[in-house]
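Here's the letter readout for the chains.
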Amino acid sequence: MHSKEQYDAIHTIHDLLADSRKEYESASHRVPDERVKGLLHRISKERTGMEADLAQNLRQNDPQHKTGDGTLGGALHRALLVFRDAINSTSEVNVLVEMERQESDLLGRYNNVLKTLDLDDFSCATLTQQHMEIEKNVGRIHDLRCSLETVEH
């Protein structure tokens, strides 16, 4: 059984994954470059599985658990980015910079939970695996951003 602190931390990460899934999907529709569009769409789809894994973990500890679908802050952030892109015609590089920043923030959340909470083996393994996937995504986003910056200059 999770303590309230463990349960809340995993639930928060679940909601942040939902936010990022929606953000990646939304951004994939706003960029014309097929490489960027494809990467963002793929990461969005990966998030669906990650969310499901955490939802299962939460339900095992509380069968009455109802998984959320993101946060109000995430919804406001997505609306702001759509508005910004409509006004400024944001480039793919700027979209990738924002995604890289968000992934780094998410990694920080995972690091905090993994380092400060005494999790059961299943939860620790799930979060560690997801952390590794997000690290890979940071590298993919970074590499694509760098290749596009080289083309722009």
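Preceding this section is the structure that the text describes.
First, a word on what this report is: a plain description of the structure on this page.

Rules and cut-offs
- Residues numbered from 1 in each chain as written.
- Predicted model: local features only at pLDDT ≥ 70, side-chain atom pairs only at ≥ 80, totals over all residues.
- Heavy atoms only, no water.
- Helix = DSSP H or I, 4+ residues; strand = E, 2+ residues; numbered from the N terminus.
- Buried < 20%, exposed > 50% of the residue type's maximum accessible area, 1.4 Å probe, protein only.
- Areas by Shrake-Rupley, 256 points an atom, 1.4 Å probe, with all protein chains shown as cover.
- Core = buried A, V, L, I, M, F, W, Y, C linked by side-chain atoms within 4.5 Å.
- Contact = heavy atoms within 4.5 Å.
- Salt bridge = Lys/Arg side-chain N within 4 Å of Asp/Glu carboxyl O.
- Axes fitted to C-alpha atoms, helices over the stretch in contact; angles between N-to-C directions.
- Parallel < 35°, antiparallel > 145°, perpendicular 65-115°, else oblique.
- Left-handed = near helix turned anticlockwise from the far one by under 90°.
- Nonpolar A, V, L, I, M, F, W, Y, C, P; charged D, E, K, R; others polar.

Points about the overall build of the protein chain
So, point 1. The helix and strand tally for the protein chain stands at five helices and zero strands.
So, point 2. Taken from N to C terminus, the helices and strands of the protein chain fall in the order α-α-α-α-α.
So, point 3. Buried residues in the protein chain amount to 42% of all 153 residues.
So, point 4. Accessible surface computed for the protein chain: about 8100 Å², of which carbon and sulfur atoms make up 56%.

Things to note about the nonpolar core
So, point 1. Membership of the largest hydrophobic core comes to 17 residues, with the highest contact counts inside it found for Ile13, Leu17, Leu54, Tyr110, Val113 and Leu127.
So, point 2. Contributing elements (two or more residues each) for this core: helix H1 (4–30), helix H2 (34–61), helix H4 (92–116) and helix H5 (121–152).
So, point 3. A total of five residues in this core trace back to one element, the largest contributor, which is H1.
So, point 4. Setting aside residues up to four positions removed in sequence, Val113 forms contacts with Ala9, Ile13, Leu119 and Leu127.
So, point 5. Counting residues in each nonpolar core, the second largest holds 14 residues, with Leu40, Val95, Leu96 and Met99 among its members.

Some words on the pattern of salt bridges
So, point 1. Overall, the coordinates contain 11 salt bridges when judged by the stated rule.
So, point 2. Between Glu46 and Arg42 there is a salt bridge; the shortest N-O distance is 3.0 Å. One end of the pair is Glu46 and the other is Arg42, both in helix H2 and four residues apart, which spans about a single turn.
So, point 3. A relative accessible area of 24% means that Glu46 is categorised as partly exposed.
So, point 4. Put simply, Asp105 and Arg101 hold a salt bridge, and the shortest N to O gap is 2.7 Å.

Quick word on the packing of H1 against H2
So, point 1. At a minimum axis distance of 8 Å, the contact between H1 and H2 shows a crossing angle of 160 degrees. Compared by their axis directions, H1 and H2 come out roughly antiparallel. Between H1 and H2 the crossing geometry is left-handed.

Here's the deal with the packing of H2 against H4
So, point 1. Packing of H2 against H4 leaves a shortest axis separation of 12 Å and a crossing angle of 20 degrees. Taken as axis vectors, H2 and H4 run roughly parallel relative to one another. In terms of crossing hand, the pair formed by H2 and H4 is left-handed. Touching Val36, Leu40, Arg47, Met50 and Leu54 of H2 are Glu92, Val95, Leu96, Met99, Glu103, Leu106 and Tyr110, all from H4.
So, point 2. Tallied by class, residues from the contact of H2 with H4 come to nine nonpolar, no polar and three charged.

Re the environment of Ala52
So, point 1. Among the structural elements, Ala52 can be located in helix H2.
So, point 2. The exposure class of Ala52 is partly exposed, given its relative accessible area of 42%.

Focus: the environment of Glu23
So, point 1. Within the secondary structure, Glu23 is located in helix H1.
So, point 2. Judged by relative accessible area, Glu23 falls into the buried class, the value being 1%.

Scope: geometric values only; no functional claims are made or implied.
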